[in-house]
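Summary of the model geometry
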Amino acid sequence: MTSPVSYALEGNIGVITVDNPPVNALSQPVRQGIWDAVAEAASDASEAVLVICEGRTFIAGADITEFGKPPAEPWLPDVFNRLEALDKPVVAAIHGTALGGGFETALSAHYRCAAPDAKVGLPEVHLGLLPGAGGTQRSPRLAGVEAALELMTGGKPIPASRALELGLIDKIIDTDLREGALAWAAELTAAPVRRTTEQPVPEHDATIFDTFRGVLSKRARGQIAPQHIIDCVETATKVPFAEGEAVERAKFLELMRGSQSAAMRHLFFAERQAAKIDGLPKDTPQRSIDRVGIIGGGTMGGGIAMSFANAGIPVTLIEVDNEGLQRGLSIIERNYAGSVKRGKLSDDKASKCRALIAGSTDYGDLASVDLVIEAVFEDPELKKKIFARLDDVCKPGAILATNTSYQDVNAIAAATGRPQDVLGLHFFSPANIMKLLEVVRGEKTADDVLATCMSLAKRIRKVPVLAGVCYGFIGNRMLQPYFREAQLCVIEGATPEQVDNAMEAFGMAMGPLRVADLAGIDVGYKARQALPEDERGDPRAYRVADVLAEMGRFGQKTGSGFYRYDPETRRHSSDTEVIEIIEREAAAFGIERREIPGDEIVDRLVYGLVNEGMRIVEEGIAQRASDIDVVYVYGYGFPVWRGGPMHYAEAVGAGRVYERICEFRDRFGAEAWTPASLLETLATE
Ligand code: T1G
Ligand code: NAD
């Protein structure tokens, strides 16, 4: 088998070329290839060495597919130390994205240059890891402690221009990278070797480490890797490279063997798998999407419009009347002003995006758009009326999508003469922030419509997951047992805080009752009202929410729901009036309230998700269990370091989950707690 690494002398420059598609990952053959090439360069006539890659990017990291498998030599740190030890200048030439072990390769070179549009980064923290091949020791020596900490704990790649400012690279080559790098290497033959590990860490404020520890204990609550990264950088300021590298190695291996990294690596591949539709060829033709229409400028419509405008796609926002339109446009203005204030967007970028959003009350203005997304009230009859109207005004080939949370997409499609062009595109609130997009396939949705929307999702920086049609699709359907158990725990004896605190301690970004207040208690109430009474489920599980809704306590949007909200800070606080309502409704059901342990709250809510998730996989509503993990991590704030509900259940063990659900069945009844047959199979076979 030919090595993915080649070495050749070009004039007096030894050129190490890596060619391992798709992203030049540092697989064992690549490590071996670099190791051998360095040995060759050490003894040949070359006066400088250039490391460069073929394909679309410089090395994008260690080969993640090798993690968890028996490790194979040579070890990355040894390869990089050997490269750095060469006694002739070593240059790395970066294009695309030099990430993780890829950027560590460049850091072990003596000089670094990059193409103007290149990016560099150390994103290992997103895999529950740390830069384990010298990155925590070399990067602070070049960029300083603070910049290095930001780079590794945030995990966000930075553009070449910023890397140049930070001293992480030395030169940007605007011309052909290979030619420019070869010429530069030739100039450097007279320059000294410059080993990063021999440079001291620049002056820094020693309190910075505790500052980062404090910030990350909140921002990355529950995650171990960020804290280990801080320890490694602090060590780099205190001991020579070799000792620091040993600390880095030990912490890297501890994380690698841990459950958090296993969960986050699972999600890395699950997210990429989710973008693939089984049975749909990669080359399925796609429709072009250059102009979009949004119907309804409320909580969702405004955010959806911003997602497209932020991707440079012009949007026409339709509202029922001018008052509704001005309200919708002002929400968008406020959101852009907020992003500029928080430094997320430049003023210039915000006004360019805002300029791409036009408002109207005339459906006729949708005649030439390529895609329409409807986001009006959750009223099935209203939605059908609107789709019938869209069928009249929209051009042939336009894709017609609904953002409904629960409704039957097939019934909505049937209101048109072109059901093949209809599907669900289910965004999550706030739609300009949340990354998840459920792409809901109707029974008649055409393949090119699906393929178009799966890749469009990437264009607007969303993570797409395919879902079949059922009540609530994947995410909201699983939310039923989750919310059911949350509200049953409340009426049986827990307070809203106790339930939310237990779930936030488990790692959820936000507890279920606070989520209900954010999304709007009225949305669930209207959805229940649209159902016949006997299809609403156990009344004890929604009675309190119905009472709050009928009192106009819709949550954050009305200043009170399960909690009260400060109009200025939006901070939530508990409300004795809600406790009185709960006690009154419990008494009305004859419920004797009791102390509910935190682990019972967590198991009832999480295993409620898991059991319903199993059914969703059985029915083919989700293509695979890992898709459900992507939905819950990107759409519902499930802790990334637990890998999603289905991965979590696998980590706990199907047997234990099954046993606990059987216990709940015996305590709370089979209607709520009959184990899914897939779970029973996994647990018993
Ligand atoms: N290892 C193995 N496969 C990888 C890979 C990697 N590092 N990166 C990408 N792939 C696969 C991916 O699964 C997909 O496969 C295909 O390449 C295209 O990827 C010691 C320990 C580079 C920005 O975290 O962020 O180094 O689905 O669809 O959108 O310190 O991939 O086609 O079969 O994502 O253009 C650190 C991970 C590793 C970077 C390209 N590196 N990759 O994005 O394409 S840990 C990372 C990315 C490490 C050292 C440590 C992105 C990308 P398939 P894609 P893309
Ligand atoms: P909302 O009440 O905030 O906004 C609905 C908007 O639609 C209002 O501004 C209203 O004026 C407008 N509208 C009503 N009839 C119209 C018509 N005939 N033509 C044009 N505009 C019209 O509601 P929302 O929370 O944005 O929800 C909208 C849809 O998105 C619903 O189907 C909901 O289920 C779904 N959804 C909501 C959330 C959420 O968290 N709120 C999340 C995902 C999906």
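Overview of the structure. (Residues numbered from 1 in each chain as written. Chains lettered and ligands numbered in written order. Predicted model: local features only at pLDDT ≥ 70, side-chain atom pairs only at ≥ 80, totals over all residues. Heavy atoms only, no water.)

1. Quick look at the site of ligand 2
Surrounding ligand 2, one finds 24 residues, the nearest of these being Met300, Glu319, Glu378, Lys383 and Ser405. Glu378 is positioned such that a nitrogen or oxygen atom in its side chain is 2.5 Å from an oxygen atom of ligand 2. Here an oxygen atom of ligand 2 sits 2.7 Å away from a polar atom, N or O, in the side chain of Ser405. In the complex, 89% of the free accessible area of ligand 2, which totals 830 Å², lies under the protein chains. (Near = heavy atom within 4 Å. Polar contact = N/O pair within 3.5 Å; in protein donor to acceptor, adjacent residues only side chain to side chain. Areas by Shrake-Rupley, 256 points an atom, 1.4 Å probe, with all protein chains shown as cover.)

2. Here we look at the site of ligand 1
Lining the immediate environment of ligand 1, one finds 27 residues, of which Gly101, Glu104, Glu124, Arg272 and Lys276 sit closest. A distance of 2.8 Å is found between an oxygen atom of ligand 1 and a backbone nitrogen or oxygen belonging to Ala62. Within the complex, the protein chains bury 76% of what would otherwise be the 1,000 Å² of accessible surface of ligand 1. Counting residues per element, the ones that place at least two in the shell around ligand 1 are strand E5 (97–99), helix H3 (101–107) and helix H11 (259–274). The element that contributes the greatest number of residues to the shell around ligand 1 is H11, accounting for three residues. Grouping the amino acids of the shell around ligand 1 by side-chain chemistry returns 15 nonpolar, five polar and seven charged. (Helix = DSSP H or I, 4+ residues; strand = E, 2+ residues; numbered from the N terminus. Nonpolar A, V, L, I, M, F, W, Y, C, P; charged D, E, K, R; others polar.)

3. A short note on the pairing of strand E1 (residues 5–10)
Remember that side chains alternate between the two faces of the sheet whenever the strand is regular. In the sheet, E1 pairs with strand E2 (residues 13–18) via six bridges, with the strands oriented antiparallel. Note that in E2 the partner of Tyr7 across the bridge is Ile16. Between E1 and E2, which follow one another and run antiparallel, lie two residues, and Gly11 among them has a positive phi close to 65 degrees. (Pairing = 2+ DSSP bridges.)

4. Observations regarding the packing of aromatic side chains
The geometry of two aromatic rings is summed up by the distance between their centres and the angle between their planes. This structure, assessed with the given rule, holds eleven aromatic pairs. Ring centres 4.4 Å apart and planes at 15 degrees place the aromatic pair Tyr632 and Tyr636 in the stacked group. Note on accessibility: Tyr632 and Tyr636 belong to one class, buried. Put simply, the rings of Phe428, Tyr632 and Tyr636 touch in pairs and so form one group of aromatic residues. The cationic tip of Arg389 hangs over the ring face of Tyr363; the distance from NZ or CZ to the ring centre is 4.0 Å. (Phe/Tyr/Trp six-rings, centres within 6.5 Å; stacked < 30°, edge-to-face > 60°. Buried < 20%, exposed > 50% of the residue type's maximum accessible area, 1.4 Å probe, protein only. Lys NZ or Arg CZ within 6 Å of the ring centre and 35° of its normal.)

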